[in-house]
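# Chain and residue survey
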Amino acid sequence: PVRLVIEPAPLSVSVSPVRASITYGKRRPDFEVVYDGFVGGEDESVLSRRPSVECAAAEYPAAGTYPVTVSGGEARNYYFEYADGELTVEKATLSVTGDSYTVTYGDELPDFGYDIEGFVLGDDEGDLLALPSVRLLSNPDAGSYTLSITGGEADNYRFDYHPGTLTVLKAAQTIDWPQDFTSGLSQGDMVEITATATSGLGITYESTNVDVAEVIHIDGRPYLNCVNDGSANIIATQPGDRNHEAAPSVTRRVNVGHGSGLAPSASSPSVGCRPSPARDVLEVTGTDASMTAAVYSPSGAMVLSSRCADGMTRLDVSRLDAGTYILVVSGGDGATARLRFAKE
């Protein structure tokens, strides 16, 4: 006798979709069993036990990759060849938008903040591994700056950053000038100009009539030099810089009356000089050995200096060019006298 052996047919069993992808916060998809290999018009109804699908992901899974398996089928006439699938859960996107600020130069910078949108499933900032942060160099100059945001970390989120801006405006400034030059000035007087800017920046001075009053600098400090009788305006300006607006200019009226032509400043020591104009020697009276004498050109350059003698000090000015000079006598106590003389 001949024995006929009928082997089970192969039945391919897979999941659909084979490769599924969702974003964190979405519900896990339903997977179906797909068959390939039934013969004779049969279908899954001939199986004694149908295969089942299992996915390792929760209903609302965290970001990651999860296997999707199919198994458990039984049949008399088929053997099963299983093909598993995979579920990928992508991170959700958090939109992080930086706040924008406007401050004035010199102001204390605010604590830079941002808004976060896109949390799902009841999550909040407490579910992040690291919060984003905003960085900027301290004490920025006037201008516009991008407030970059970096550093956020999370298991289930990626970050889409939208930087804020910081606008630093120039600071306003004013000139403080309490001096009054409308009376009490004579030819030859020199008065230190004490105007200051609230910004601390240097001030520039201009005389509208240099034949009456001019501004000179001695040791880098400005002085009003009274040249002749008459009136002039001294205009103080501060043009500003990168961080400061220009200050409103301030004008002081200067009235110079007839005087000796050789007047010491109001500060001690009380000294004098003669003759004016001088040819070879300038005699400085009222000095002592603790004092020093220096001669400056109208531009502020020191052209002569000497230690003083008791009673009178003689300065050799024979090599100086003809013109007007400033004599500065400094005492041991730090007081100074400033006098004007001419060299012929």
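Residues numbered from 1 in each chain as written. Predicted model: local features only at pLDDT ≥ 70, side-chain atom pairs only at ≥ 80, totals over all residues. Heavy atoms only, no water.

### Some points on the pairing of strand 26 (residues 281-287)
- Bridge count for strand 25 (residues 272-274) against strand 26 is three bridges, and the pairing is antiparallel. Of the residues in strand 26, the one forming a bridge with Arg 274 is Glu 283.
- Pairing of strand 26 with strand 29 (residues 311-316), which is carried by six bridges, proceeds in the antiparallel orientation. Within strand 29, the residue paired with Thr 287 across the bridge is Gly 311. (Pairing = 2+ DSSP bridges. Helix = DSSP H or I, 4+ residues; strand = E, 2+ residues; numbered from the N terminus.)

### Remarks on the sheet that holds strand 23 (residues 230-238)
- The mixed open sheet is built from four strands, whose spatial order is 17-24-23-20. Only two strands of the sheet have a single neighbouring strand rather than two, namely strand 17 (181-186) and strand 20 (204-207). Direction aside, neighbouring strands of the sheet carry axes that sit 30 degrees apart on average.
- The pairing of strand 17 with strand 24 (residues 247-257) spans three bridges and is classified as parallel. Within strand 24, the residue paired with Leu 185 across the bridge is Val 256. (Axes fitted to C-alpha atoms, helices over the stretch in contact; angles between N-to-C directions.)

### As for the sheet that holds strand 26
- Spatially, 25-26-29 is the arrangement adopted by the three strands of the open sheet, whose pairing is antiparallel. The open sheet has two edge strands with one neighbour each: strand 25 and strand 29. Sheet twist, expressed as the average angle between the axes of neighbouring strands with direction ignored, equals 25 degrees.

### What about the environment of Ala 63?
- Looking at the element boundaries, Ala 63 is found in the loop between strand 4 (52-55) and strand 5 (64-71).
- Sequence spacing of Ala 63 and Lys 91 is 28 residues, and the spatial spacing of their C-alpha atoms is 5.4 Å.

### With respect to unusual backbone geometry
- A cis amide bond links Ser 16 to the next residue, Pro 17, at an omega of 0 degrees.
- Structurally, Pro 17 can be placed in the loop between strand 1 (9-16) and strand 2 (19-23).
- For the bond running from Arg 274 to Pro 275, omega is -15 degrees, close enough to zero to count as cis.
- With respect to the helices, strands and loops of the structure, Pro 275 is situated in the loop between strand 25 and strand 26.
- You will see that Leu 121, though not glycine, has its phi angle at about 55 degrees, which is positive.
- Looking at the secondary structure, you find Leu 121 in the loop between strand 10 (114-117) and strand 11 (133-134).

### Digging into the environment of Glu 86
- Among the structural elements, Glu 86 can be located in strand 7 (residues 85-90).
- Residue classification places Glu 86 among the partly exposed positions, given a relative accessible area of 30%.
- Considered as a pair, Glu 86 and Arg 19 are 67 residues apart in the sequence and their alpha carbons are 5.1 Å apart. (Buried < 20%, exposed > 50% of the residue type's maximum accessible area, 1.4 Å probe, protein only.)

### Concerning the side chain of Asn 156
- Following the sequence through the fold, Asn 156 ends up in the loop between strand 13 (149-150) and strand 14 (157-162).
- Leaving out residues up to four positions away in the same chain, Asn 156 has contacts with Tyr 24, Ala 62, Ala 63, Lys 91 and Ala 92. (Contact = heavy atoms within 4.5 Å.)

### Here's the deal with the nonpolar core
- Grouped together as the largest cluster of nonpolar side chains are 36 residues, with contacts concentrated most on Leu 11, Cys 55, Leu 87, Leu 128 and Tyr 157.
- When residues no more than four places from it in sequence are discounted, the contact partners of Leu 128 are Leu 94, Ile 116, Phe 119, Glu 153, Ala 154, Tyr 157 and Phe 159.
- Of all hydrophobic cores here, the second largest spans 20 residues; its members include Ala 236, Ala 247, Val 250 and Val 256. (Core = buried A, V, L, I, M, F, W, Y, C linked by side-chain atoms within 4.5 Å.)

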